[in-house]
Amino acid sequence: MNRQVVHGTDAAFHSKRSRFRGRSFKEAIEFYLFISPWFIVFIVLGLIPLLYGLYLSFTNYAGFNMDRLVFVGLDNYRKVFTDNDAMYSLGRTLFFTVIMVPSTIILGFLLAVLLNQNIKRIGIYRTLFFIPSIIPVVAVGTMWRSLFVDDGIVNKMLEALGLEAVDWLGYDYAIYPLIIMLLWGVGGGILIYLAGLKGVSKDLYEAAAIDGATTIQRFVKITIPLVTPVLFFQFIMSIISSLQIFVQPILLAANSNSLLSTPLRPNYVYSVHAFQQIFAYGRFGYGLALLWVLFVMILILTIVVFTTSRFWVFYEVDQEGK
Amino acid sequence: MVNAGMKRLPFRITVYALLIALSVLFVMPLYWLVTNSLQQVGAASTFLPTGLHFINYKYALTFIDYWGYAKNSIIITAFSVIIPTVTSAFVGYGFARLRGPGKNVLFLLMLSTMMLPGIVTQIPTYVIFFKLGLVNTFWPWFFWGLGGSAFSIFLYRQFFAGFPRDLEEAARIDGCTTFRIFWNIFLPISLPVVATVSILAFNGAWGNDYITPFMFLQDNKYPLATALFSIGYVFPGQKDITMTQVQSAGLVMFVLPIIVVFFIGQRYLVEGVVASAVKG
């Protein structure tokens, strides 16, 4: 009797388990089916080209010699670190990254703080601040270029103010139009910052106010720590995009009329150098090595930022358990 | 802090003064672009337009094969908006509502592809498409589209993950297949995400997809984003002198669809971007 009961339970348990297995097996198949469009395209047009490119970066591929490729080992990579132009352009890219990352984050965040001040018709200002970031970069570059040319509006303004016109697109000043142009799109982050700011509980401010905290203290001790997750997200994104800066310097180049135009030295960034090697000189293998070095740098930097994030990013314990 | 501050009048004045000054700063370049597009060809830039030379727009459309390039833009944009918007939803649903071994690893893998500089894979991809005989056709955009886009998949996944299990359990008891549940229940409620994803894809394809066409297509198949920049408006026989005013007119027409789409979908975009960033 006793035995039978146990046996019965066991059987029920087994059949339940196999039913569960059947369902979860079917679900797994369905899961793979659903993600298959992404997965197949990722393999065929993502992973394979990526590895194929890695392979080509170890060869003397020049765009036409596919059938007699020579494996050159680490030569291309060694060349990256001995190529003066590559190192110089890497320096320029790092220079712009060091300028752009903090300034886009700080200015973007301050814009959002400004918009968060109980403003009437906030939607209008938000839209006006945001619009520059949706304008296609090709249009942005061409537009700014026409503003900065010798008889452009920027020099007209300087003259109207009694100042001397400046050769903005020339060697001495070329970095300023580029920085100004990049900063013009700083409003792109305000939607995310605003969401972060709105998420800071009002109770905290009230409690702090009761304890006699000043506005600045509240900003530094409450607002900033609580929006660090958003700042972190933007930090990663802007590092990645700054290191890849490519077309903006070309668009501001003195003779800019194609993707192969070369910017002046101060704006000669790393991606431009890689692009030049490939398309102007046909050094595909070497160009791919340059790009792989950049890719690995981005990867390492992102990982470093991620691992340090636990020291400075504040994660609120989510009480809803979502 | 916020309310207390706004009660003080000098503070209020400062805030609005800053807002207006910044608005002017952000809009001014666009205003000058439009102003410049209405100036007589060869005229100097001025603060206010000295004439309304709408003829520049006609020049912009006729000096280069503007409509031809626009048509190419439309084809590329259609492939890059319609197909991935649907497939991304499909994949996003899989990641949000179905379980299978390796799901978390695959999801991380998918997210990490966002970090990959596109240009790293572009050249080998070119070689592959060249071998398939698909270079100088629009097919590559079709295939890229089929895979969806990582960011869109992420947005859908975040959205779909937010619903209770009951939603599909009830349907499943009624005998609905998983595909029907996705198609008839989840897709219709995800319209805000569909809108967000479409707008982002539209901006990317219409405005910022210029390198790939430069590599994969020949001049006459360039979309506007590539053509306006690399072909441009030059004086006949003097290929270094650009007709800035005509070029500006061409740019205004090129940018206009982006701005129109942005205004139509702004509401969704704000919600969509915000939801993804804050939850993520």
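Keep in mind that this is a model prediction, so the values were computed, not measured. (Residues numbered from 1 in each chain as written. Chains lettered and ligands numbered in written order. Predicted model: local features only at pLDDT ≥ 70, side-chain atom pairs only at ≥ 80, totals over all residues. Heavy atoms only, no water.)

**A word on the overall build of chain A**
Here is step 1: Along its length, chain A carries 13 helices and zero strands.
Here is step 2: In sequence order, the secondary structure elements of chain A are arranged as α-α-α-α-α-α-α-α-α-α-α-α-α.
Here is step 3: Expected size for 322 residues packed as a compact globule is a radius of gyration near 20 Å; at 28 Å, chain A overshoots this value by more than 25%.
Here is step 4: Counting all 322 residues of chain A, 50% fall into the buried class.
Here is step 5: If you take every contact in chain A between residues at least 6 apart in sequence, the share linking residues at least 24 apart comes to 66%.
Here is step 6: Just so you have it, chain A exposes about 16400 Å², and 65% of that area is on carbon and sulfur atoms.
Here is step 7: Positive and negative charge centroids in chain A, built from 24 and 19 side chains respectively, lie 11 Å apart. (Helix = DSSP H or I, 4+ residues; strand = E, 2+ residues; numbered from the N terminus. Rg over C-alpha atoms; globule rule 2.2 N^0.38 Å. Buried < 20%, exposed > 50% of the residue type's maximum accessible area, 1.4 Å probe, protein only. Contact = heavy atoms within 4.5 Å. Areas by Shrake-Rupley, 256 points an atom, 1.4 Å probe, with all protein chains shown as cover. Lys, Arg positive; Asp, Glu negative; His and termini not counted. Charge placed at Lys NZ, Arg CZ, Asp CG, Glu CD.)

**Thoughts on the overall build of chain B**
Here is step 1: Across its full length, chain B carries 14 helices and two strands.
Here is step 2: By principal-axis analysis of the C-alpha atoms, chain B measures approximately 70 × 70 × 30 Å.
Here is step 3: Burial statistics for chain B: of 280 residues in total, 51% are counted as buried.
Here is step 4: When contacts within chain B are restricted to residue pairs at least 6 apart in sequence, long-range pairs at least 24 apart make up 70% of them.

**Re the domain arrangement of chain B**
Here is step 1: Domain annotation of chain B identifies domain 1 (7–54) and domain 2 (65–231).
Here is step 2: Between domain 1 of chain B and domain 2 of chain B, the C-alpha centre-to-centre distance is 37 Å. (Domains from an automatic or database assignment.)

**A closer look at the interface of chain A and chain B**
Here is step 1: The interface is formed by 90 residues belonging to chain A together with 93 residues belonging to chain B.
Here is step 2: Surface buried jointly by chain A and chain B totals about 8200 Å² across both partners, of which 78% is contributed by carbon and sulfur atoms.
Here is step 3: Of all residues in chain A, A:Phe31, A:Phe34 and A:Trp38 give up the largest surface area on contact with chain B, accounting jointly for 10% of the area buried on that side.
Here is step 4: Connecting chain A to chain B are one salt bridge.
Here is step 5: Linking A:Glu27 and B:Arg99 is a salt bridge whose minimum nitrogen-to-oxygen distance equals 3.4 Å.
Here is step 6: At the junction of chain A with chain B, the criterion picks out eight residue pairs in polar contact (both at pLDDT 80 or more).
Here is step 7: The element that contributes the greatest number of residues to the side of chain A that touches chain B is helix H1 (residues 2–56) of chain A, accounting for 22 residues.
Here is step 8: By residue class, the composition of the side of chain A that touches chain B is 65 nonpolar, 15 polar and ten charged. (Buried area = accessible area lost by both parts, 1.4 Å probe. Salt bridge = Lys/Arg side-chain N within 4 Å of Asp/Glu carboxyl O. Polar contact = N/O pair within 3.5 Å; in protein donor to acceptor, adjacent residues only side chain to side chain. Nonpolar A, V, L, I, M, F, W, Y, C, P; charged D, E, K, R; others polar.)

**Structural notes on the pattern of salt bridges**
Here is step 1: This structure, assessed with the given rule, holds six salt bridges over all chains.
Here is step 2: Across the salt bridge formed by A:Glu30 and A:Lys26, the nearest N and O atoms sit 3.7 Å from each other. Of this pair, A:Glu30 and A:Lys26 both sit in helix H1, four residues apart, which is roughly one turn of that helix.
Here is step 3: Residue classification places A:Lys26 among the partly exposed residues on the basis of a relative accessible area of 47%.
Here is step 4: Of the charged contacts in the structure, one is a salt bridge between B:Glu168 and B:Arg97, with a shortest N-O distance of 2.5 Å. With B:Glu168 in helix H9 (residues 166–173) and B:Arg97 in helix H4 (residues 66–97), this pair connects stretches of sequence that are 71 residues apart. In this structure, B:Glu168 and B:Arg97 share a single accessibility class: buried.
Here is step 5: One network of salt bridges, with partners in common, ties together B:Arg97, B:Arg165 and B:Glu168.

**Topic: the nonpolar core**
Here is step 1: A:Ile135, A:Phe246, B:Tyr210 and B:Phe254 are the most contacted members of the largest nonpolar core, which totals 147 residues.
Here is step 2: Two domains each provide a minimum of three residues to this core, namely domain 1 (7–54) and domain 2 (65–231) of chain B.
Here is step 3: Ignoring any residue separated from it by four or fewer positions in sequence, one finds B:Tyr210 in contact with A:Val137, A:Val138, A:Phe246, A:Val247, A:Leu259, B:Ala225 and B:Thr226.
Here is step 4: Judged by nonpolar contacts, the second largest core, of 29 residues, contains B:Ala96, B:Leu106, B:Ala150 and B:Phe182. (Core = buried A, V, L, I, M, F, W, Y, C linked by side-chain atoms within 4.5 Å.)

**Points about the confidence of the model for chain B**
Residues and elements named next belong to chain B.
Here is step 1: Averaged over all residues, the pLDDT of chain B equals 88, while 94% of them reach at least 70.
Here is step 2: For chain B, the element scoring lowest by mean pLDDT is helix H1 (residues 2–6), at 51; H4 scores highest, at 96.
Here is step 3: On the interface metric, ipTM, the complex scores 0.87, and its pTM is 0.87. (pLDDT = per-residue confidence, 0-100.)

**A word on helix H6 (residues 153–160) of chain A**
Here is step 1: Taken together, the buried positions of H6(A) are A:Ile153, A:Val154, A:Asn155 and A:Leu158.
Here is step 2: Count one or two residues on from H6(A) and you reach A:Gly162, which has phi positive near 80 degrees.

**What about unusual backbone geometry?**
Here is step 1: With phi around 55 degrees, A:Arg121 is a residue other than glycine that occupies positive phi space.
Here is step 2: Looking at where A:Arg121 falls in the secondary structure, it is placed in the loop between helix H3 (84–115) and helix H4 (122–130).
Here is step 3: The residue B:Asn136 is not glycine, and still its phi comes out positive at about 65 degrees.
Here is step 4: Here B:Asn136 shows up in the loop between helix H6 (118–131) and helix H7 (139–146).
Here is step 5: On the basis of relative accessible area, B:Asn136 is assigned to the buried category, the value being 18%.

**Topic: the environment of A:Ala174**
Here is step 1: Its place among the elements puts A:Ala174 in the loop between H6 and helix H7 (175–184).
Here is step 2: In contact with A:Ala174, not counting residues within four places along its chain, are A:Trp168, A:Leu169, A:Leu264 and A:Asn267.

**Here's the deal with the UniProt feature "transmembrane region" (unreviewed entry) in chain A**
Here is step 1: If you check UniProt for "transmembrane region" (unreviewed entry), the listed places come out as residues 31–55, 94–115, 127–147, 173–195, 226–247 and 289–313 of chain A in our numbering.
Here is step 2: Within the segment residues 226–247 of chain A, helix and strand shares are 86% and 0% respectively, and the terminal C-alpha atoms sit 35 Å apart. (UniProt positions renumbered as here; feature names shortened; annotations may be inferred.)

**Observations concerning empty space enclosed by the protein**
Here is step 1: In this structure the tally under the stated criterion is three cavities of 30 Å³ or more.
Here is step 2: Approximately 60 Å³ is the volume attributed to the largest cavity.
Here is step 3: Every residue lining the largest cavity is listed: A:Ser146, A:Leu147, A:Ile153, B:Trp32, B:Thr35, B:Asn36, B:Gln39, B:Ser45 and B:Thr46.
Here is step 4: A per-class count over the lining of the largest cavity returns three nonpolar, six polar and no charged. (1 Å grid on protein atoms, 1.4 Å probe; cavity = no way out; pocket = protein on both sides within 12 Å on 5 of 7 lines; lining within 4 Å. Points joined across faces, edges and corners; volume = space filled by probe spheres on them.)

**Observations regarding the side chain of B:Gln158**
Residues and elements named next belong to chain B.
Here is step 1: With respect to the element layout, Gln 158 can be found in helix H8 (residues 150–160).
Here is step 2: Accessibility expressed as a relative area gives 10% for Gln 158, which makes it buried.
Here is step 3: Polar side-chain contacts of Gln 158 include one of 2.8 Å to the side chain of Arg 157.

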